[in-house]
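Results of the structural survey
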Amino acid sequence: MGQKIHPIGLRLGYIKDWSSSWFAKKKDFSRLVYEDLKLRRFVRERFSFAGIARVEIERARHKVKLIIYTAKPGIIIGRRGQEIDRLKEDLQKFTSQEIYVDIKEIKFPAFEAQLVAENVAFQLKRRVNFRRAMKKAISTTMENGGL
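Keep in mind it's a predicted model, so treat the numbers as computed, not measured. Positions within a chain are numbered from 1, following the residues in the order the chain's sequence is written. Local features are withheld for residues below a pLDDT of 70 in this predicted model, meaning they are given only at 70 or higher, and side-chain atom pairs are given and counted only at 80 or more; totals for whole chains, interfaces and linings count all residues. Remark: hydrogens and water are excluded; side-chain values derive from all non-hydrogen atoms of the structure.

Description of the packing of helix H1 (residues 26-46) against helix H3 (residues 82-91)
Here is the rule: Axes, fitted as lines to C-alpha atoms, cover a helix only where it is in contact. Angles between the N-to-C directions of the axes lie from 0 to 180 degrees. Only DSSP runs of H or I covering at least 4 residues are called helices, and only runs of E covering at least 2 are called strands; the numbering of each starts at the N terminus. The handedness criterion is simple: a crossing whose near helix is rotated anticlockwise from the far helix by less than a right angle is left-handed, and one whose near helix is rotated clockwise is right-handed. Should any heavy atoms of two residues lie within 4.5 Å, those residues are considered in contact. Here the term charged refers only to Asp, Glu, Lys and Arg, the term nonpolar to Ala, Val, Leu, Ile, Met, Phe, Trp, Tyr, Cys and Pro, and the term polar to all other amino acids, Gly among them.
Interaxial distance between H1 and H3 falls to 11 Å at its minimum, and their mutual angle equals 145°. Remark: the crossing between H1 and H3 carries right-handed chirality. Taken together, the residues of H3 that come into contact with H1 (itself represented by Leu-39, Phe-42, Val-43 and Arg-46) are Glu-83, Arg-86, Leu-87, Asp-90 and Leu-91. A class-by-class count of the residues in the contact of H1 with H3 yields five nonpolar, no polar and four charged.

In structure tokens, the structure reads:
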């Protein structure tokens, strides 16, 4: 039998980067990891319909920078940036540090595995035939130039 390995752990440093980049002392480490988890969960739950592929967190001395990669940045930004300001205020409840939010648009959502999987799951919830959902996802990716 083959040994099971973690799909991201094997690739870290080579073709994938860490989802959080910061350094902490031993006594603060667990608190900051849990804080990262809470921040990611909150953003994903609040904007579950915005097509969020991943959330990266960078920490400096007293600053936390959230980089949200999304297919629909307009939903997160809102009218005249009101929604992003509300998001910053809500995220401030989870941490005592200053929060910056940066939103990056994903040009080709058909190439992001997370977004394709969410799309297929949404179709299955609507009781679409699973063969049709899978074939549609594959054909959409192939039409956009995927391998």
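Here we look at H3
Inclusion rule: Each residue gets one of three labels from its accessible area relative to the maximum for its type: buried under 20%, exposed over 50%, partly exposed in between, using a 1.4 Å probe on protein chains only. Directions from the helix axis toward the C-beta atoms define the arc.
Regarding H3, the residues found buried are Glu-83, Ile-84, Leu-87, Asp-90 and Leu-91. Each buried residue of H3 lies within a common arc of 120° when the element is viewed along its axis, so the set occupies one face. The inward-facing, buried residues of H3 abut H1, strand S3 (63-70), helix H2 (73-77) and strand S4 (98-105).

Overview of the pairing of strand S2 (residues 52-59)
Within a regular strand, side chains alternate between the sheet's two faces. The condition is simple: A strand pair is defined by DSSP finding two or more bridges across the two strands. Assignment of crossover handedness uses the view with strands pointing away from the viewer, where a clockwise path from the first strand over the helix to the second indicates a right-handed crossover.
Of all eight residues in S2, six are buried, a share of seventy percent or more. Alignment of strand S1 (residues 20-21) against S2, held across two bridges, turns out to be parallel. Within the sheet, the bridge partner assigned to Ser-21 lies in S2 and is Glu-58. Considered for its hand, the β-α-β crossover made up of S1, H1 and S2 is left-handed. The sheet contact formed by S2 and S3 spans seven bridges and is antiparallel.

A word on the nonpolar core
Under the convention used in this document: The set of buried Ala, Val, Leu, Ile, Met, Phe, Trp, Tyr and Cys residues whose side-chain atoms join them within 4.5 Å is what this entry labels a nonpolar core.
Core analysis: the biggest nonpolar cluster contains 17 residues, and Val-43, Leu-66, Ile-68, Ile-76, Leu-87, Leu-91 and Val-101 have the highest contact counts within it. Broken down by secondary-structure element, the contributors of at least two residues to this core are H1, S2, S3, H3 and S4. Those residues in contact with Leu-66 that sit more than four places away from it in its chain are Leu-39, Val-43, Val-55, Glu-56, Ile-57, Leu-91, Tyr-100, Val-101 and Asp-102. Counting five residues, the second-largest nonpolar core is a separate cluster that includes Ala-53, Tyr-69, Ile-106 and Leu-115.

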